[in-house]
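# Chain and residue survey
Spelled out, the chains give:
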Amino acid sequence: MSFQEKIDKLLQEKNVKNLRQLANDVNIPYTTLWDYYSNPTRLEKANLTNIKKIANHLGCTIDYLVFDNILEPNEVMLDNFDIKKEVLEEKVIPDEVELLFDKNKNILTQDDKDYIKFIIEKRKKEIDKELGEN
């Protein structure tokens, strides 16, 4: 699904009248939003701050907006693996990792934490698979 299709869908779901209203709501120039909407090449060079504003306002991830293969508004892409944020949040992580997060709360972003959780869960699955085969 393209950026344009996703924006159309989200505008309808969020009762946003049109692109001009969205541009006003997120405080970016309408012409900039129109460039993203109508020109995939322009979207590839988009200002990340603008895309983040749009995603936050429409209640979706940045990844959902910019990656055509991500089809759910709450999905993210980490290290070429499509996963859903709820999957990350449901996983139980060791107390040591929570301690690491707490000690580095001023440094780690939520994306950093999600990535760390994802890698831990991925490695756990690999180890479980190896142990199951032996």
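One structure accompanies this document, and this report is about it. (Residues numbered from 1 in each chain as written. Predicted model: local features only at pLDDT ≥ 70, side-chain atom pairs only at ≥ 80, totals over all residues. Heavy atoms only, no water.)

A separate point is the overall build of the protein. Within the protein, the secondary structure is distributed over 9 helices and 2 strands. The order of α-helices and β-strands along the protein, N terminus first, is α-α-α-α-α-α-β-β-α-α-α. The buried share of the protein, taken over its 134 residues, is 32%. Counting contacts in the protein only where the partners sit at least 6 residues apart, residues at least 24 apart contribute 41% of the total. Summed over its atoms, the accessible surface of the protein is roughly 8,900 Å², and 48% of this surface lies on carbon and sulfur atoms. (Helix = DSSP H or I, 4+ residues; strand = E, 2+ residues; numbered from the N terminus. Buried < 20%, exposed > 50% of the residue type's maximum accessible area, 1.4 Å probe, protein only. Contact = heavy atoms within 4.5 Å. Areas by Shrake-Rupley, 256 points an atom, 1.4 Å probe, with all protein chains shown as cover.)

With that out of the way, let us pick up the layout of surface pockets. What the second largest pocket holds in volume is close to 260 Å³. Elements that contribute at least two residues to the lining of the second largest pocket include exactly helix H1 (3–13), helix H3 (30–38) and helix H4 (40–44). Of the residues assigned to the lining of the second largest pocket, the class counts are 8 nonpolar, 4 polar and 2 charged. (1 Å grid on protein atoms, 1.4 Å probe; cavity = no way out; pocket = protein on both sides within 12 Å on 5 of 7 lines; lining within 4 Å. Points joined across faces, edges and corners; volume = space filled by probe spheres on them. Nonpolar A, V, L, I, M, F, W, Y, C, P; charged D, E, K, R; others polar.)

By size, the foremost hydrophobic cluster in this structure holds 22 residues, and its most contacted members are Ile7, Leu22, Ile54, Leu58 and Leu65. Of all the secondary structure elements, the ones that give two or more residues to this core are H1, helix H2 (19–26), H3, helix H5 (48–58) and helix H6 (62–66). Among residues more than four places away in sequence, those in contact with Leu65 are Phe3, Lys6, Ile7, Leu10, Ile51, Ile54, Ala55 and Cys60. (Core = buried A, V, L, I, M, F, W, Y, C linked by side-chain atoms within 4.5 Å.)

Its location among the elements puts Asn50 in helix H5. Residue Asn50 is classed as buried on the basis of its relative accessible area, which comes to 12%. Ignoring any residue separated from it by four or fewer positions in sequence, one finds Asn50 in contact with Ile28, Thr32 and Tyr36.

So, about the packing of aromatic side chains. Geometrically, a pair of aromatic rings is defined through the distance of the ring centres and the angle of the planes. Taken as a whole and assessed by the stated rule, the structure comprises 1 aromatic pair. Residue placement shows Lys6 over the ring face of Tyr64; its charged tip is 4.6 Å from the ring centre. (Phe/Tyr/Trp six-rings, centres within 6.5 Å; stacked < 30°, edge-to-face > 60°. Lys NZ or Arg CZ within 6 Å of the ring centre and 35° of its normal.)

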